[in-house]
Amino acid sequence: MKERRILIVLNLEVLEDLGIQEKIGDPVVLEAAVGGQGQQQQQQAQQPVHQPRQVAPISNTNFYGNNKPAPQNQLQQTMKLAPSSTGGHAAAIYPIEGLSPYQNKWTIKARVTFKSEIKHWHNQRGEGKLFSVHLLDESGEIKATGFNDQCDSFYEVLQEGQVYFISKCRVNIAKKQFSNIQNEYELSFERDTEIEKCEDQSSVPQERYNFVELGNVSQIEKDNTIDVIGVVKEVHDLSEITSKTTQKPISKRDLTIVDSSQYSIRLTLWGKQAQNFSTDEGNVIAVKGVKVSDFNGRSLSMYSSSTMSVNPDIDEAHSLKGWYDGSGKSENFSTHANIGGSLSAASGRKEDRKTLAQLKDEGIGMSEQPDYFTTKATIVFIKQDNISYPACPAEACNKKVIEDSDGQWRCEKCDKSYPKPNHRYIMTISVNDHTGQAWFSTFDDVGKQIMGKTADELFQLKEENEQAYLDVINGATCTTFNFRCRAKQDNFQGQAWAYLVVLGATTINFTQASKELIELINAYGI
DNA sequence: CCCCCCCC
């Protein structure tokens, strides 16, 4: 948490009525005046802390972006004097970033960048209605909510896009989990809140963004909130789904957006935003406060409080449009599907892609908790003793069966005998990649994939035609797969080792594999 | 004082 100095003025005495002054005397910035630590912090702040390819959270929120928050000294610049909204006394215009519960005599001059619809609620604690707005000035942004009477008073007054003087609100600690606004605090309108439309509508920024390049979205964890800017590549038809939680139907529209990082990503719009979307392919959209989801590697989903601006008049939009109309239109785009370190949609577990050398170097499978990883490797050797075992043929039993003296196969677990067993693979294979070697254990499903035959078929073949059997083994050797594995620590004669079990294997899709390699190369930022 | 943000 960033250190914050609070100065509470308990009393002051007016020595002389000087009227309204820009400043009195020769005030100095508080931090510098404190000396020592304060100066050190300032010097640190001047260091180039920003690394180009890294996507760092802004301040201590989980809001990600490329821009640093507004520097503190901007706050002083924002301190100006406002025309009175109440007649008589002039009020100091306060920067939004300076609002806190410790000070309530302020007026902000802010643009409404978003206004929600009126929402009605009823729960065990009561019922009511509310609306909320996002307020922006050059220092920052804040959410403000009007409940019940204040909903009636201010809903029509506040219009999206307009600039207002606002004062006398309550300042509460923001509930970050419910907000995509970057502020420690949020406002609620009170009975004596004053809101007045500002004559000068131009001096407040339209919106503030912290764009994350589409290629960097994989670095953002699921459920975080980001801003993105991209060119609309595809507009999918409006569809309707039924919400699992509310059982209510809701409109949905998927867009595919792209940017010059040569990544495409799906952006889902909901409800009215989905219905009203009418922007054609080739236009730039800037989207603020969208949710990052892990579907298909990474995708984006609009909240009802997310906002979209079509072809905004900002540098990023102009350069993207230039890029797209020039070359981008005919380029190919990567997605974040199946990238190393992404979350597997199937299991929801983190499955890092590892090289075989990394397994050893990083001690994978040498800790209490199992590790999961994927790796691309080639089978170089299949151990032929114990390639399969005779298993109980009963559904989902799989217990090893023993042949009786009368030729029946006995299962201890089922307490039954069967005329013949069902063979199941328990292969141990040696795999290699360009970095090293490992032993993997595989069971029936994966064994079938590797051999292209059931263990029963292979067992039969070995009995009938030894050479044909060896041909199958040889055919499976030197094949390459993407292996999905679980690593668990085990002990053998007092020696700890990593027991690596293959949970699934897929053959190499060369198009996909090439894309992944290109992504890896791009990640070096060359 | 709401706080759900949906699907595959």
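Everything below is about the structure printed above this text.
Below or above, wherever it landed, is the structure these notes cover. These numbers come from a predicted model, not from an experiment.

Here we come to the protein's contact with DNA strand B. As a structural note, the neighbourhood of DNA strand B is formed by 24 residues, with Lys119, Lys175, Lys252, Lys291 and Ser304 the closest of them. Take the atoms of DNA strand B that sit within 4 Å of the protein: sugar and phosphate atoms are 36% of them. In this structure, a phosphate oxygen belonging to DNA strand B sits 3.4 Å away from a side-chain N or O atom of lysine 244. Within the side chain of lysine 252, an N or O atom sits 2.3 Å from a base oxygen of DNA strand B. Tallied by class, residues from the surface near DNA strand B come to nine nonpolar, six polar and nine charged.

So, about the sheet that holds strand β23 (residues 402–403). Sheet architecture is open: three strands sit in the order β23-β24-β25, paired in antiparallel fashion. Unpaired on one side and paired on the other, β23 and β25 (416–418) mark the two borders of the sheet. Where β23 and strand β24 (residues 409–411) come together, two bridges link them in antiparallel fashion. Its bridge partner being in β24, glutamate 403 is matched across the sheet by tryptophan 409.

Turning next to the environment of threonine 256. With respect to the helices and strands, threonine 256 occurs in strand β15 (residues 249–258). Since its relative accessible area comes to 12%, threonine 256 is described here as buried. Expressed as a C-alpha distance, the spacing of threonine 256 and glutamate 281, which sit 25 residues apart in the sequence, is 9.4 Å. Contact partners of threonine 256, with chain neighbours within four places excluded, come to Val231, Val232, Lys233, Glu234, His236, Ser264 and Ile265.

Now for the packing of aromatic side chains. Under the definition given, this model contains 12 aromatic pairs. Between phenylalanine 131 and tyrosine 155 the ring centres are 5.0 Å apart and the planes differ by 80 degrees, which places this aromatic pair in the edge-to-face class. Of this pair, phenylalanine 131 sits in strand β7 (residues 126–136) while tyrosine 155 sits in the loop between α4 (148–154) and β9 (163–167), and the two are 24 residues apart along the sequence. Each of the two residues, phenylalanine 131 as well as tyrosine 155, counts as buried. Between tryptophan 497 and tyrosine 499, the aromatic rings sit 5.8 Å apart at their centres with planes inclined by 70 degrees, giving edge-to-face as the arrangement. Here tryptophan 497 falls in the partly exposed class, since its relative accessible area comes to 37%. Pairwise contacts between aromatic rings join Phe131, Phe154, Tyr155 and Phe189 into one cluster. For the cation-ring pair, lysine 115 lies above tyrosine 155, with the distance from its terminal atom to the ring centre recorded as 3.8 Å.

The next thing to look at is empty space enclosed by the protein. Applying the stated criterion to the full structure yields two cavities of 30 Å³ or more. Taken as a whole, the largest cavity spans an internal volume of roughly 40 Å³. Of the residues assigned to the lining of the largest cavity, the class counts are one nonpolar, six polar and two charged. Two domains each put at least three residues into the lining of the largest cavity: domain 1 (96–197) and domain 2 (214–335).

On to the nonpolar core, then. Residues Ile382, Ile429, Val431, Phe440, Met451 and Phe483 are the most contacted members of the largest nonpolar core, which totals 31 residues. For valine 431, the residues in contact, after removing those within four places along its chain, are Leu356, Ala377, Thr378, Ile379, Val380, Gly436, Gln437, Ala438, Phe440 and Phe483. Grouped together as the second largest cluster of nonpolar side chains are 24 residues, Ile96, Ala110, Val133 and Leu135 included.

Turning next to unusual backbone geometry. Despite not being glycine, asparagine 148 shows a phi value in the positive range, around 45 degrees. Tracing the sequence through the fold places asparagine 148 in helix α4. Of note in this structure, asparagine 311 is not a glycine but carries a positive phi near 45 degrees. Mapping asparagine 311 onto the fold places it in the loop between β19 (307–310) and α6 (315–326). For asparagine 311, a relative accessible area of 36% puts it in the partly exposed group.

Glancing now at helix α8 (residues 444–451). Those residues of α8 that sit buried are Asp444, Val446, Gly447, Ile450 and Met451. Around the axis of α8, the buried residues are gathered within 160 degrees of arc, so they sit on the same side. Of the residues one or two after α8, glycine 452 is the one with positive phi, at around 75 degrees.

Before going further, it helps to spend a moment on the environment of glycine 161. For glycine 161, the location among the structural elements is in the loop between α4 and β9. The exposure class of glycine 161 is partly exposed, given its relative accessible area of 28%. Glycine 161 sits 51 residues away from alanine 110 along the chain, and the two C-alpha atoms are 9.8 Å apart. The contacts of glycine 161, once residues within four sequence positions are left out, are Arg111, Val112 and Gln201.

Before going further, it helps to examine a nonpolar patch on the surface. The grouping of Val380, Phe381 and Trp439 at the surface amounts to a nonpolar patch, some 280 Å² of accessible area in total. Residue tryptophan 439 is classed as partly exposed on the basis of its relative accessible area of 43%.

Glancing now at the pairing of strand β27 (residues 427–432). Of the strand pairs in this sheet, strand β21 (residues 371–382) and β27 are connected by four bridges, and their pairing is antiparallel. Across the sheet, the residue bridging to isoleucine 382 is isoleucine 429, located in β27. Note: β27 against strand β28 (residues 437–442), six bridges, orientation antiparallel. Note that in β28 the partner of asparagine 432 across the bridge is glutamine 437. Adjacent in sequence and paired antiparallel, β27 and β28 are bridged by four residues.

It is worth spelling out helix α9 (residues 455–464) at this point. Looking at α9, one finds that the buried residues are Ala455, Leu458 and Leu461. Down the axis, α9 shows its buried residues gathered within 120 degrees of arc, on one side only. Facing away from the buried side of α9 by more than 90 degrees, the exposed set consists of Glu463 and Glu464. Buried residues in α9 make contact with β22 (388–391), β26 (422–425), α8 and α10 (466–476).

Let's shift gears to the pattern of salt bridges. Across all of its chains, the model carries 17 salt bridges by this definition. Taking the shortest distance from any N to any O, the salt bridge between lysine 176 and glutamate 184 comes out at 3.3 Å. In this structure lysine 176 comes out as partly exposed when scored by relative accessible area, which is 28%. On the basis of relative accessible area, glutamate 184 is assigned to the partly exposed category, the value being 23%. Across the pair aspartate 227 and lysine 288 runs a salt bridge whose closest N-O atoms are separated by 3.9 Å. Note that aspartate 227 is positioned in strand β13 (residues 225–235) and lysine 288 in strand β17 (residues 284–293), a separation of 61 residues in sequence.

So, how was this worked out
Residues numbered from 1 in each chain as written. Chains lettered and ligands numbered in written order. Predicted model: local features only at pLDDT ≥ 70, side-chain atom pairs only at ≥ 80, totals over all residues. Heavy atoms only, no water. Near = heavy atom within 4 Å. Polar contact = N/O pair within 3.5 Å; in protein donor to acceptor, adjacent residues only side chain to side chain. Nonpolar A, V, L, I, M, F, W, Y, C, P; charged D, E, K, R; others polar. Pairing = 2+ DSSP bridges. Helix = DSSP H or I, 4+ residues; strand = E, 2+ residues; numbered from the N terminus. Buried < 20%, exposed > 50% of the residue type's maximum accessible area, 1.4 Å probe, protein only. Contact = heavy atoms within 4.5 Å. Phe/Tyr/Trp six-rings, centres within 6.5 Å; stacked < 30°, edge-to-face > 60°. Lys NZ or Arg CZ within 6 Å of the ring centre and 35° of its normal. 1 Å grid on protein atoms, 1.4 Å probe; cavity = no way out; pocket = protein on both sides within 12 Å on 5 of 7 lines; lining within 4 Å. Points joined across faces, edges and corners; volume = space filled by probe spheres on them. Domains from an automatic or database assignment. Core = buried A, V, L, I, M, F, W, Y, C linked by side-chain atoms within 4.5 Å. Arc of directions from axis to C-beta. Patch = residues over 30% accessible without salt bridge, like charges linked within 9 Å, V, L, I, M, F, W, Y side chains within 5 Å. Areas by Shrake-Rupley, 256 points an atom, 1.4 Å probe, with all protein chains shown as cover. Salt bridge = Lys/Arg side-chain N within 4 Å of Asp/Glu carboxyl O.

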